[in-house]
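Fold and contact review
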Amino acid sequence: MDCIFCKIANGQAPANIIYQDKKIIAFDDIYPKAPQHKLIIPRKHIATMNDLAKDDAGLIEEMTLVAQKLAKELNIDQTGYRIIINCNQDGGQIVYHLHLHLIGGRPLMFTG
Ligand code: AMP
Ligand code: ZN
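This text gives an overview of the structure that appears in the document. (Residues numbered from 1 in each chain as written. Chains lettered and ligands numbered in written order. Predicted model: local features only at pLDDT ≥ 70, side-chain atom pairs only at ≥ 80, totals over all residues. Heavy atoms only, no water.)

Turning our attention to the sheet that holds strand β1 (residues 17-20). Sheet architecture is open: five strands sit in the order β1-β2-β3-β5-β4, paired in antiparallel fashion. Either end of the sheet is taken by a strand with one partner, and the two such strands are β1 and β4 (81-84). Put simply, the sheet's adjacent strands are angled 20° from each other on average, direction ignored. The pairing of strand β2 (residues 24-28) with strand β3 (residues 36-42) spans five bridges and is antiparallel. The residue bridging Ile25 from the neighbouring strand is Ile41, located in β3. This element, helix α2 (residues 57-73), spans β1, β2, β3, β4 and β5 (100-104) of the sheet and lies at about 150° to β3. (Pairing = 2+ DSSP bridges. Helix = DSSP H or I, 4+ residues; strand = E, 2+ residues; numbered from the N terminus. Axes fitted to C-alpha atoms, helices over the stretch in contact; angles between N-to-C directions. Contact = heavy atoms within 4.5 Å.)

Another point: the layout of surface pockets. There is about 770 Å³ of room inside the largest pocket. Considering the residues around the largest pocket, the lining is formed by 30 residues, among which Asp29, Lys33, His37, Asn86 and His101 are closest to the centre. Secondary structure elements with two or more residues in the lining of the largest pocket: α1 (4-9), β2, β3, β4 and β5. Ranked by residues supplied to the lining of the largest pocket, first place goes to α1 with three residues. Tallied by class, residues from the lining of the largest pocket come to 16 nonpolar, nine polar and five charged. (1 Å grid on protein atoms, 1.4 Å probe; cavity = no way out; pocket = protein on both sides within 12 Å on 5 of 7 lines; lining within 4 Å. Points joined across faces, edges and corners; volume = space filled by probe spheres on them. Nonpolar A, V, L, I, M, F, W, Y, C, P; charged D, E, K, R; others polar.)

Quick look at the nonpolar core now. For soluble globular proteins, the rule of thumb is that nonpolar side chains tend to be buried together. Grouped together as the largest cluster of nonpolar side chains are 16 residues, with contacts concentrated most on Ile24, Ile40, Val66 and Leu70. If you list the elements that add at least two residues to this core, you get β2, α2 and β5. Tallying contributions element by element places α2 first for this core, with seven residues. Setting aside anything within four residues of it in sequence, one finds Ile24 in contact with Tyr19, Ile40, Ile41, Pro42, Arg43, Leu59, Glu62, Met63 and Val66. (Core = buried A, V, L, I, M, F, W, Y, C linked by side-chain atoms within 4.5 Å. Buried < 20%, exposed > 50% of the residue type's maximum accessible area, 1.4 Å probe, protein only.)

A few words on the coordination of the zinc ion (ligand 2). Within the protein, the atoms that donate to the zinc ion (ligand 2) are Cys3 (SG), Cys6 (SG), His45 (ND1) and His97 (ND1), at distances of 2.0 to 2.3 Å. Positions of the donor residues of the zinc ion (ligand 2) along the chain correspond to the pattern C-x2-C-x38-H-x51-H. With a gap of 91 residues between them, Cys6 in helix α1 and His97 in the loop between α3 (88-91) and β5 connect regions that are remote in the sequence. Residues Cys6 and His97 agree in their burial class; the two are buried. (Donors = N, O, S within 2.8 Å, 3.2 Å for Na, K, Ca; no water.)

The structure is reproduced here in structure tokens:
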């Protein structure tokens, strides 16, 4: 499967990886939209939120806990941050491998 995030997860494509465990990895977004912009993904290929199975539900929880930990390490936990999952076209999804954006380091406007 030609998926850039799968390739990053298995070391076939470059990324600045800042966290990894058995199920999850996190790395810098290549086009940061704020001073801090990280992506947190499951190693397992799940295309969109629509494809999340009941058995995978715990993954989202683990991904949010990684976001919490990284926010603290990046020193944006007190100033604040946003976590986002985009789904399909209207949600602005470009990469079809589930990912959580962790964005912070400046005041964020709502862009809906
Ligand atoms: P989304 O619009 O939610 O699908 O977000 C995809 C994100 O992945 C965008 O913020 C891109 O900048 C980012 N991105 C795409 N390719 C790469 C890559 N090779 N390494 C790191 N980030 C990437
Ligand atoms: Zn993938």
